[in-house]
Amino acid sequence: MDAPKEIFLKDYKSPDYYFDTVDLKFSLGEEKTIVASKITVFPRVEGSSSPLDLNGVDLKLILIKVNGKELKEGDYYLDSRHLTLPSPPSGKFTLEIVNEIQPQKNTSLEGLYKSSGNFCTQCEAEGFRKITFYQDRPDIMAKYTCHIEADKSLYPVLLSNGNLIEQGDLEGGKHYAVWEDPFKKPCYLFALVAGQLESRDDIFVTRSGRQVSLRIWTLAQDVPKTAHAMYSLKAAMKWDEDVFGLEYDLDLFNIVAVPDFNMGAMENKSLNIFNSRLVLASPETASDADYAAILGVIGHEYFHNWTGNRVTCRDWFQLSLKEGLTVFRDQEFSSDMGSRTVKRIADVSRLRNYQFPQDAGPMAHPVRPHSYIKMDNFYTVTVYQKGAEVVRMYKTLLGTQGFRKGMNLYFKRHDRQAVTCEDFFAAMRDANDAEFANFLHWYSQAGTPVVKVTSSYNANAHTFSLKFSQEVPPTPGQPVKEPMFIPVAVGLLDSSGKDMHLSSVYHYGTLQSFVSNSQPVLSTVLRLTKKEEEFVFCDIFERPIPSLLRGYSAPIRLESDLSDSDLFFLLAHDSDEFNRWEAGQLLARKLMLSLVADFQQNKPLALNPKFVQGLRSILSDRSLDKEFIAKAITLPAEGEIMDMMEVADPDAVHAVRTFIRKELASQLKSEFLSTVQNNRSSKEYVFDHLNMARRALKNVALAYLASLEDPEITELALHEYNTATNMTDQFAALAAIAQKPGKTRDDVLADFCSKWQHDYLVVNKWFALQAMSDIPGNVENVHNLLNHPAFDLRNPNKVYSLIGGFCGSPVNFHAKDGSGYKFLGEIVLQLDKLNPRVASRMVSAFSRWRRFDESRQKLAKAQLEMIMSANGLSENVFEIASKSLA
Ligand code: PHE
Ligand code: ZN
């Protein structure tokens, strides 16, 4: 292998040639597929004569013509990755290429491949080069037609982007279809699907009165499971019109569900391709979490039609331009469809549990990375989730209307263009005449800023001061950072727990006053821009309790001087519901960290009664939303606590979390029991917030109870399992029972498997549940499951469930004897031969090895070194493994 090459943002150059139109012709066959392309090419600068460099990987070149004339060897150069024309004609010309590919053998699931006998494509980021020779980069935007030819009985359905303009039968049992996409697009948005599929059809009438045909395609037996996906699609189309004034721009929108897919889903123009787990749902087989994920991802891919497709990225470093923005949009959509607070809590938890650790480890990179070896490795929680937080900050700073003005200007300026993150920033700024100081650092500096805040009340001057200091920790390649622009939303609570009316705030010689004759100001957004600064609130007549970073207004770690009693007060009274939850989490984190210290010093563990009392009062507060209660009584995850320790100690954290759960279960047993009894589901499954909230609360209570060694509870859990009428309740009961090793666990797991063996999506849940289990010595069980007839290393969902699930279990993956590490090391090498993208996602589990004690470090490092020494390692795995060792 050539040494993998690193690609840098600073080296970006405009292409020397653009493509205007692309005509593709596919002859799909059982052994091989022939691809013919005809491209009209024109130089960026008239009269230039630079070489034209095309990407091409795993392609067999059959023919190449320029302006109708066949090129001979010597007229072009071909290596394993490129086809180069050293001196193309000057001016506009046509390029025709014929090549051969073998989709049947493509296990990477990039380019054209087969899934359950059907053909489908995945081109983002750089999969198009596995289909034909092309300038495979997003700033090459062209108009496509796609002609597909295939056996009619094997592949009755033939789909591509845009509109169907022609179809018909051919000799020899074949047929064809011709699709034309009127919008120019980068090749990563190209898609083709051919196979035996059936559709659920519906219609959406846009607000300007256009009828759009909607079709969701699946294997025939799965069509009944697409109702929720269709509902989600129509809701998303309506929402984008209502909230952003954005209408769909074609007469047809297709979604295809495929069982073999590396990621969640793909926004190909008018032909979205989805991992079937994010389309198929029925109450019996899918949980509330699946229903919610489907809603969010259908929305996400649909929203890409404007944020991603109509306006796309200039280069892959700008990925967050489309992903951060589109994640933000799908988060807002889900909030509007359900509970805003609960959605915010879920999103912030995810950021803390996955993105914070990435930002503090060897793979830390800015929202807009400066370099990559393999772009596939940068579809990360940083680009997606932190990127969405960056977009959210614009909205926090500009308000709903200001943000909308910025979006409007963005589309007005950049429709049908390939642009950069600065272009988005400029649209937001210019539409609002805003002063954004050093906001752009959010795109270029990695690491989670740490903000410290201390408060003081001056009873004589009636002022309340907040002093902030900020520090962005060093990350690979970025030892020193500039201060960031951090919006901190703040409210002040009086002694009765009400928001004080804010009159003015003093900041370095300027007094900002909030006097408005209409509404009292109860919350304000402070703008931090310096390493240290002070804000002074005036006319404050008693010592307030500050509610800081309301709604989590910036993706930072906030360290405040609030006391436990302040936090209990906020937990009970804050008008910002997110901060109520946050206060509870802060208390829980403090508690967990101090118990971890006790555990490490062999001190007996004891639970602070005030904490139990706090949770008891939340649990019995009838004014609260039930899903909020479910979240508020859930302890921070083990990863979140490990992330806060000097040396991560998985055993101690696990022991402490288990101890607290058990202690709460025994002290709040009667409350939990009545919670279960009073929140059982109605017979009919309804996917709405009220019903989901009941199920969530009931199942959290059941999970607590099941941590007790108590036959009465085992009976209860079995009862819940046997009487469940939907997957949410059935699976929650199974998970509750599976907490404790023993015969009941084995029996129920076996029962579940035999009940659902015909449904691979449910079987994946069964794999994941066992893989994540913290029962001692679980690695052996997981090892055995690799040989289960339903397991297949070639299917990403199965790998994510079983291998990914296992890596998420702190105790077993990080087992002291290194068995978990060894298991993963072996699997990564096997996977890398089949599917590098999936392999590199798995190898990432090693990346934080330095966070652990010396003996674990040695064991994990040995596996990384073993991987690095393997022959023929993919660039994907090479990048993650080598950066982890660096
Ligand atoms: N662009 C897809 C999204 O919506 C993600 C994806 C990337 C899918 C690469 C497949 C391959 O977020
Ligand atoms: Zn996306």
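In this text, all values refer to a predicted model and were calculated from it rather than measured experimentally.

### Some remarks on the site of ligand 1
Around ligand 1, a shell composed of 13 residues is seen, among which Glu124, Met263, Met266, Glu267 and Tyr379 lie nearest. Elements with a contribution of two residues or more to the shell around ligand 1: strand S20 (265-266) and helix H2 (288-303).

### A few points about the UniProt feature "domain: Aminopeptidase N-like N-terminal" (unreviewed entry) in the chain
Following the UniProt record, the feature "domain: Aminopeptidase N-like N-terminal" (unreviewed entry) maps to residues 24-189 here. Between the end C-alpha atoms of residues 24-189 the distance is 14 Å, and the span holds 0% helix and 52% strand.

### Focus on the nonpolar core
Counting residues in hydrophobic clusters, the biggest one holds 246 residues, and the most contacted among them are Leu192, Val193, Val256, Ile273, Met842 and Val843. If one sorts the elements of this core by residue count, helix H5 (residues 381-414) sits on top with 11 residues. Other than its neighbours up to four places away in sequence, Val193 contacts Asn118, Phe119, Cys120, Leu159, Val256, Leu271 and Ile273.

### A word on the packing of helix H14 (residues 669-678) against helix H15 (residues 689-705)
Interhelical geometry of H14 versus H15 gives an angle of 140° and a closest axis separation of 8 Å. Taken together, H14 and H15 sit at an angle that is classed as oblique. H14 and H15 meet at a crossing whose hand is left-handed. Each of Lys669, Phe672, Leu673, Thr675 and Val676 in H14 lies in contact with H15, whose residues at this interface are Leu697, Lys698, Ala701, Leu702, Tyr704 and Leu705. For the contact of H14 with H15, the class distribution of residues is eight nonpolar, one polar and two charged.

### A look at the pairing of strand S25 (residues 450-458)
As paired elements, S25 and strand S26 (residues 463-471) share nine bridges and run antiparallel to each other. Its bridge partner lying in S26, Thr454 is registered against Lys467. Between S25 and the antiparallel strand that follows it, S26, lie four residues; His462 among them carries a positive phi value of about 55°. Summarising the sheet, S25 and strand S33 (residues 557-560) pair through four bridges and their orientation is parallel. In the sheet register, Val450 faces S33, and the bridge partner there is Arg557.

### Quick notes on the sheet that holds S26
As summarised here, the arrangement of the six strands in space is S29-S28-S31-S26-S25-S33, forming an open sheet in which the pairing is mixed. Each having just a single partner strand, strand S29 (510-513) and S33 make up the two edges of the open sheet. When strand polarity is set aside, the average angle formed by the axes of neighbouring strands in this sheet is 25°.

### Topic: helix H1 (residues 227-244)
Between the first and last C-alpha of H1 there are 26 Å, a value that for 18 residues agrees with the 26 Å anticipated at 1.5 Å per step. Packed against the buried residues of H1 are strand S17 (198-205), strand S18 (211-218), strand S19 (252-258), H2 and helix H3 (319-337). Downstream of H1 by a residue or two, Gly245 has a phi angle that is positive, lying close to 65°.

### Concerning the packing of H3 against helix H4 (residues 340-359)
The geometry of H3 relative to H4 is characterised by a closest axis approach of 7 Å and an angle of 145° between their N-to-C directions. Contacts from Gln331, Ser334 and Ser335 of H3 reach H4 at Arg340, Lys343 and Asp347. Of the residues belonging to the contact of H3 with H4, the class tally is no nonpolar, three polar and three charged.

### Description of the pairing of strand S10 (residues 111-115)
Within a regular strand, the side chains alternate between the two sheet faces. Summarising burial for S10: four of the five residues are buried, a large majority. The pairing of S10 with strand S11 (residues 118-122) spans five bridges and is classified as antiparallel. Note that in S11 the partner of Tyr113 across the bridge is Cys120. Linking S10 back to S11 in an antiparallel pair, the connection comprises two residues, with Ser116 at a positive phi of about 45°.

### Observations regarding the UniProt feature "domain: Peptidase M1 membrane alanine aminopeptidase" (unreviewed entry) in the chain
Mapped onto this numbering, the UniProt entry gives "domain: Peptidase M1 membrane alanine aminopeptidase" (unreviewed entry) at residues 230-441. In residues 230-441, the share of helix is 55% and the share of strand is 9%. The end C-alpha atoms are 40 Å apart.

### Things to note about the sheet that holds strand S4 (residues 52-55)
The antiparallel open sheet is built from three strands, whose spatial order is S4-S8-S7. The strands lining the two open edges of the sheet, one partner per strand, are S4 and strand S7 (77-78). Alignment of S7 against strand S8 (residues 82-85), held across two bridges, turns out to be antiparallel. Opposite Leu78, over in S8, you have Leu83 as the bridge partner.

What counts, and at which threshold
Residues numbered from 1 in each chain as written. Chains lettered and ligands numbered in written order. Predicted model: local features only at pLDDT ≥ 70, side-chain atom pairs only at ≥ 80, totals over all residues. Near = placed C-beta within 6 Å. Helix = DSSP H or I, 4+ residues; strand = E, 2+ residues; numbered from the N terminus. UniProt positions renumbered as here; feature names shortened; annotations may be inferred. Core = buried A, V, L, I, M, F, W, Y, C linked by C-beta atoms within 7 Å. Buried ≥ 20, exposed ≤ 12 C-beta atoms within 10 Å, placed from the backbone. Contact = placed C-beta atoms within 7 Å. Axes fitted to C-alpha atoms, helices over the stretch in contact; angles between N-to-C directions. Parallel < 35°, antiparallel > 145°, perpendicular 65-115°, else oblique. Left-handed = near helix turned anticlockwise from the far one by under 90°. Nonpolar A, V, L, I, M, F, W, Y, C, P; charged D, E, K, R; others polar. Pairing = 2+ DSSP bridges. Expected span 1.5 Å × (residues − 1).

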